[in-house]
Structures are given as structure tokens and as C-alpha cells.
Amino acid sequence: MNFASDNWAGATPEVMAALVKANDGAAPAYGSDALTRRVTGLFSEVFEKEVEVWFTATGTGSNSLGLAALSRPGGLVLCSSEAHIHSDEWGATEFQSGGMKLVTMPQVAGRVSAEALRQTLSRFPEGNRFGVPVALSLTNATECGTVYAPAAVAELAGLARAQGLAVHMDGARFGNAVAATGAKPAELTWKSGVDFLSFGGTKNGCWAAEAIVVFSPDKLSDLAARRQRAGHTFSKSRFVAAQFEAYLTGGNWLRWAGQANARAEQLRVGLRASSQARLGWGSEANEVFAVLPRETIARIRLAGGTLYEWPAEGMGLTADEDLVRLVTSWATSPDEVARFLAMVG
Ligand SMILES: Cc1ncc(COP(=O)(O)O)c(C=O)c1O
């Protein structure tokens, strides 16, 4: 009963097999191998556009290096108050960009509204003394398990672009967002105004495969140099490429993300029907937030279950309740979910 994180899951058999296959013989280093070139082509097919692809080792690397490529003195990056770049990355964007500042916006279940963005943008008119907004960063799927559909991305991106901002999408769980919305990858990104995407593979079946996918290369500068200096340029690039090839081929990534989302839906259905628990809020992707009795959480842990408590200010919990985050992955089985729900009662 692992609901701690999709980072706890292993890599899929397909990805492991691809790694073993890529291990045959020697290949040119630093991304000049045939496999890396082939995979760049695969990304372009998936996104229905010629894209630049920069492998990185981590989602934090993708987010911070991509955003740093927009840096300018006094630059501001607008993001939700729940954004991973704000709360979990130890100031990586600020550091890599040489001191750009993050400006957080109110969110509901992880999503920023057009009104919140409008209000935030109005705080920084031309010639103000506080800084220049250079980027809007949206996370999809969000840190709260919700998703932005293409129309919502387009509305937010449209507002941002109208004021000259570039649009970044943190897609550490992009596969889950695509699977949940049913949208095409292109519709959820560049066709809706996204300029570059942190494309995650690690949480959804890879071993360590992340990439910055660039749709508007003219907006980002010195990405190659920034990646090199940050130590994210892989010498044995073929091993990352091999993972992505297995990931993207035949729609595997969407099948795995769909499985994770389906297990999360199984959890949501069971929790809605429970007399002992309730959902913290509705979600659509592979993260579920539930209010459980503390005693139930302890029993689940005693039985070997893993899950994390989550901040619950303002949610009106009683002293013997807690909010927990439950994350499913490609590896979560229906039986694992059923056992968990049986323990919740
Ligand atoms: C939404 C989101 N973005 C980015 C990351 C960063 O990933 P990494 O831990 O690989 O740096 C995470 C990881 O949990 C995440 O949840």
C-alpha cells in the first residue's frame, strides 16, 4: 500500500529493457548519439511541432534552468502559492537565474484563476519600482492533483503573453494531465500558448528521465550553457534517450499515466462512499487528498502502508483527524487500493 509518492515506484519493465538494450556497445557522448537524435524526433511527433529537447536529471533542474533562460535584472516569475518551484525547490530558480524573484498567486486546489493572474499582473505596471514579470509558471497536473484543460491554459497564457511574459509549464506529471484531460499534448501546451515545458518521465515509469521541451526557442537564451554549468548535461545521454524512447513509443506514457489516474479514481470513489473518511477536495489526476481519522492513519502505517500528512489550515478538521496525500503510480494495483479502502472502512 504505497501511496507516499509516485517517486517511490520503480521503473517500468519496458524502460528497464530499453536501458539494457542501450547498454550494448559504445556510442558518441554528450547527446550526439543516434538514439538521442531519434528521440528528439519522437518528441516532435508527440507535440506535432519541431521542438528542442534538453534532457535534465531532475524536475527541479528542468524548472530552474528553463526559467533561468528567461532571466533579466528584476525579473519576476508568477506562480501559484502551491507551486513546486516555490515551496519545494530550495530557491533553485532564484539561484540559477541569478536572483529572479518568485511572486506567488492565490490558488484553489492548486489552480490559479484568470482573475488572480489579472490582479497580480496589475501590481506590476510598466515602470513600477518592484520588478518586471517575465514568466508565468503553471503546473499541470497541479501539486493538488487537479488539472488545467487546454481552455484554462489558453486563457491564462493569453493574459500573460499580452503583457510580454513567457509561459512555462511544470509538467512533472504532464502525462497524468494529458491522460486526465484527454487533450492532445500539443493542445495542452504550445497551441494554448505555452513556450516551454518541464516534461517529466521519472514519476511515471522512468528511472531518471526529465526534459525541457522548448516550443519557442527564440524566447530562451543560453539554455545549453546554463545546463552545462549546472551539471545537467549527460555524457551518456543515450541512457536517458533510451528511457524516453520506451516511454513515448506506442503511447506507453499515456497508458501508464492512465493507469495511475484510474487507481486514484478508484480511491476517490471509495473515499466518497466511506463513512469514516472524506475527500479534502476533488482532483482528477493521480493525487488524492483525504481527511482520515488519525487512528486509521496509524493502523495503515502499522500494516506497512505509506502516505504523507498534508497541511490542512482552514479546513476545519477535528483534533483526531488529519489530511493525507495519496499518490498513485503506474505500479499501483487495484488490489492495493482495495486493501487500503477496506482499512479505511
Ligand atoms: C509538480 C512537481 N514539479 C517538480 C518536481 C521536481 O522533481 P525532482 O524531485 O525530480 O526535482 C516535483 C517533484 O516532486 C513535482 O511534484
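Our subject is the structure that appears above.
Before going into details, it helps to say that this report is about the structure given with it. (Residues numbered from 1 in each chain as written. Predicted model: local features only at pLDDT ≥ 70, side-chain atom pairs only at ≥ 80, totals over all residues. Heavy atoms only, no water.)

## As for the environment of valine 46
Short version of the rule: Starting at the N terminus, helices and strands are each numbered in turn, a helix being any DSSP run of H or I of at least four residues and a strand any DSSP run of E of at least two. Note on exposure labels: buried denotes an accessible area under 20% of the residue type's maximum, exposed denotes more than 50%, and partly exposed covers the range between, all computed with a 1.4 Å probe on protein chains only. By definition, residues are in contact when any of their heavy atoms lie within 4.5 Å.
Here valine 46 is to be found in helix H2 (residues 34-46). For valine 46, a relative accessible area of 17% gives the class buried. Between the alpha carbons of valine 46 and valine 178 there is a distance of 12 Å; along the sequence they are 132 residues apart. What valine 46 contacts, discounting residues up to four positions off in sequence, is Pro185, Leu248 and Trp253.

## Section: unusual backbone geometry
Cis geometry marks the peptide bond from asparagine 140 to alanine 141, where omega comes out at 0 degrees. Looking at the element boundaries, alanine 141 is found in the loop between strand E4 (132-139) and helix H7 (150-162). The backbone of tryptophan 90 sits at a positive phi, close to 55 degrees, despite the residue not being glycine. Tracing the backbone shows tryptophan 90 in the loop between helix H4 (84-87) and helix H5 (92-96). For tryptophan 90, a relative accessible area of 87% translates into the label exposed.

## Here we look at the pattern of salt bridges
What counts is decided by this rule: Salt bridges are identified by distance alone: a Lys or Arg side-chain nitrogen within 4 Å of an Asp or Glu carboxyl oxygen.
All chains considered together, the criterion is met by 16 salt bridges. Between glutamate 321 and arginine 278 there is a salt bridge, and its shortest N-O distance comes to 2.9 Å. With glutamate 321 in strand E11 (residues 321-327) and arginine 278 in strand E8 (residues 278-281), this residue pair connects regions lying 43 residues apart in the sequence. Classification of arginine 278 as partly exposed rests on a relative accessible area of 36%. For glutamate 295, the salt bridge goes to arginine 299, with nearest N and O atoms at 2.8 Å. Taken together, the positions of glutamate 295 and arginine 299, both in helix H13 (residues 294-302) and four residues apart, correspond to about one turn of that helix. Each member of the salt-bridge network shares a partner with another, and the members are Asp6, Arg173, Glu287 and Arg325.

## Quick word on the sheet that holds strand E3 (residues 101-105)
Note the cut-off: Only strands that DSSP links by at least two bridges are regarded as paired with each other. Only the contacting stretch of a helix is used when fitting its axis, a line to C-alpha atoms as for every element, and angles between N-to-C directions run 0 to 180 degrees.
The seven strands are arranged E1-E7-E6-E5-E4-E2-E3 in an open sheet whose pairing can be described as mixed. The open sheet terminates on both sides in strands that have one partner only, identified here as strand E1 (52-56) and E3. When strand polarity is set aside, the average angle formed by the axes of neighbouring strands in this sheet is 25 degrees. Relative to strand E7 (residues 210-214), strand E6 (residues 196-200) runs antiparallel, the two being bridged by five bridges.

## Details of the packing of aromatic side chains
Using the following cut-off: In summary, the pairing rule links any two rings of Phe, Tyr or Trp, Trp by its six-membered ring, whose centres are within 6.5 Å, and it sorts them by plane angle into stacked for under 30 degrees, edge-to-face for over 60 and tilted for everything else. When the NZ atom of lysine or the CZ atom of arginine is within 6 Å of a ring's centre and also within 35 degrees of its normal, the charge is said to sit over that ring.
For the structure on display, the rule yields 18 aromatic pairs. Centroid distance phenylalanine 174 to tryptophan 253: 6.2 Å. Interplanar angle 15 degrees. Geometry classified as stacked. Taken as a pair, phenylalanine 174 in helix H8 (residues 174-181) and tryptophan 253 in helix H12 (residues 252-273) lie far apart in primary sequence, 79 residues in all. Assigned by exposure class, phenylalanine 174 and tryptophan 253 land together as buried. Put simply, the rings of Phe43, Phe47, Phe55, Phe174, Phe199, Phe215, Phe244, Tyr247, Trp253 and Trp256 pair up and form one aromatic cluster. Across from the ring centre of tryptophan 190, 4.8 Å away, lies the NZ or CZ of lysine 49, which sits over that ring.

## Some words on the side chain of glutamate 89
Here is the rule: Positive: Lys, Arg. Negative: Asp, Glu. His and the chain ends are not part of the count. Counting of polar contacts relies on pairs of N or O atoms within 3.5 Å, with two restrictions inside protein: one atom must be capable of donating a hydrogen and the other of accepting it, and residues adjacent in sequence are counted only when both atoms are side-chain atoms.
Take glutamate 89: it is sitting in the loop between H4 and H5. No salt bridge forms around the buried glutamate 89; measuring N to O, its nearest opposite-charge neighbour lysine 203 is 8.5 Å away. At 3.0 Å, the side chain of glutamate 89 and the side chain of asparagine 63 are in polar contact. Of note is the side chain of glutamate 89, whose polar atom sits 2.6 Å from the side chain of histidine 84. Beyond its immediate sequence surroundings of up to four residues, glutamate 89 is in contact with Thr60, Asn63 and His84.

## A closer look at the site of the ligand
The condition is simple: We call a residue near a molecule or strand when any one of its heavy atoms sits within 4 Å of it. We call Asp, Glu, Lys and Arg charged. Ala, Val, Leu, Ile, Met, Phe, Trp, Tyr, Cys and Pro are nonpolar, and the rest, Gly among them, are polar.
By nearness alone, 13 residues border the ligand, and Gly59, Thr60, Asp170, Arg173 and Lys203 come closest of all. Within the backbone of glycine 59, one N or O atom sits 2.9 Å away from an oxygen atom of the ligand. Between the ligand and the protein, one listed contact pairs an oxygen atom with a side-chain N or O atom of lysine 203 at 2.6 Å. No other element matches the three residues that helix H3 (residues 59-68) contributes to the shell around the ligand. A class-by-class count of the residues in the shell around the ligand yields one nonpolar, seven polar and five charged.

Read these as layout, nothing more, since geometry by itself doesn't imply function.
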